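The primary structure of each chain is shown beneath.
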Amino acid sequence: MKPPTKAQVARAERRDRIVAAAREIAQADGWDAVTVRRLADAIGFSQPVLYSHFPDGRDGIVRAVALDGFAQIAAELAGAPATVRSVAERYLAFARRHPAVYEAMFSGPTDLPFATAETPEALLAGFAAIAAVVGGDDARAETLWSALHGIADLARHGRLRPDLEADRLTVLVELFA
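The name an unreviewed UniProt entry assigns to the protein is TetR family transcriptional regulator, from the organism Dactylosporangium siamense.

**Q** Hey, could you run me through the pattern of salt bridges in this one?
**A** Two side chains of opposite charge can pair, provided their charged atoms sit close to one another. By the definition in use, this model includes ten salt bridges. The salt bridge involving Asp 29 is made with Arg 38; its shortest N-O contact spans 2.6 Å. Among the residues examined, Asp 29 registers a relative accessible area of 46% and is labelled partly exposed. When its relative accessible area of 34% is taken as the criterion, Arg 38 is described as partly exposed. Measuring nitrogen to oxygen at the nearest pair gives 2.5 Å for the salt bridge that ties Arg 156 to Asp 153. One end of the pair is Arg 156 and the other is Asp 153, both in helix 8 (residues 138-156) and three residues apart, which spans about a single turn.

**Q** I would appreciate a short explanation of the nonpolar core in the present structure.
**A** In summary, soluble globular proteins display a tendency toward joint burial of nonpolar side chains. Core analysis: the biggest nonpolar cluster contains 55 residues, and Trp 31, Leu 39, Leu 50, Tyr 91 and Leu 144 have the highest contact counts within it. The set of elements that each furnish at least two residues to this core consists of helix 1 (6-29), helix 2 (36-43), helix 4 (58-78), helix 5 (84-97), helix 6 (99-107), helix 7 (121-132), helix 8 and helix 9 (165-176). Residue contributions to this core peak at eight residues, all from helix 4. For Tyr 91, the contacting residues outside a window of four places in its chain are Ile 73, Leu 77, Tyr 102, Phe 106, Ile 130, Trp 145, Leu 148, His 149 and Ala 152.

Reading the values: rules and limits
Residues numbered from 1 in each chain as written. Predicted model: local features only at pLDDT ≥ 70, side-chain atom pairs only at ≥ 80, totals over all residues. Heavy atoms only, no water. Salt bridge = Lys/Arg side-chain N within 4 Å of Asp/Glu carboxyl O. Buried < 20%, exposed > 50% of the residue type's maximum accessible area, 1.4 Å probe, protein only. Helix = DSSP H or I, 4+ residues; strand = E, 2+ residues; numbered from the N terminus. Core = buried A, V, L, I, M, F, W, Y, C linked by side-chain atoms within 4.5 Å. Contact = heavy atoms within 4.5 Å.

What follows is the structure in structure tokens.
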């Protein structure tokens, strides 16, 4: 395989800068603040340059942030000891540390296919890490993932008592033991 050209490297770096800037703005001011104009201003590129990387504009940028988030959480889960507790702790910690990315992954204007033949590899890898700790049973894995997502989302919106976080994790682990 040939090494990438300078132009390809520069294009990839621009794409990464756009995605990183979107993450930063969303983290600071929420996804409503992420616009193509604001991104262009933040990184010093023209709006046409952003559209050349993301023809569907803001939605494509949010989708890229979501895919990067799925790849990151998959890597974190894959590095966890193979226990329900470890995977659950890492999943919830990721959602807590990266609320804007987590929101893009599950609530953003993305059309990422879940549980289909077109599911992106990053999503499959994260799901595989969850499935591995429940013996590869997809129904149990989906149920665990659903519970983790529910806890993460409710906690992110301040709808769960913070003082019960450890107890919720213990209950969840016991349910899947």
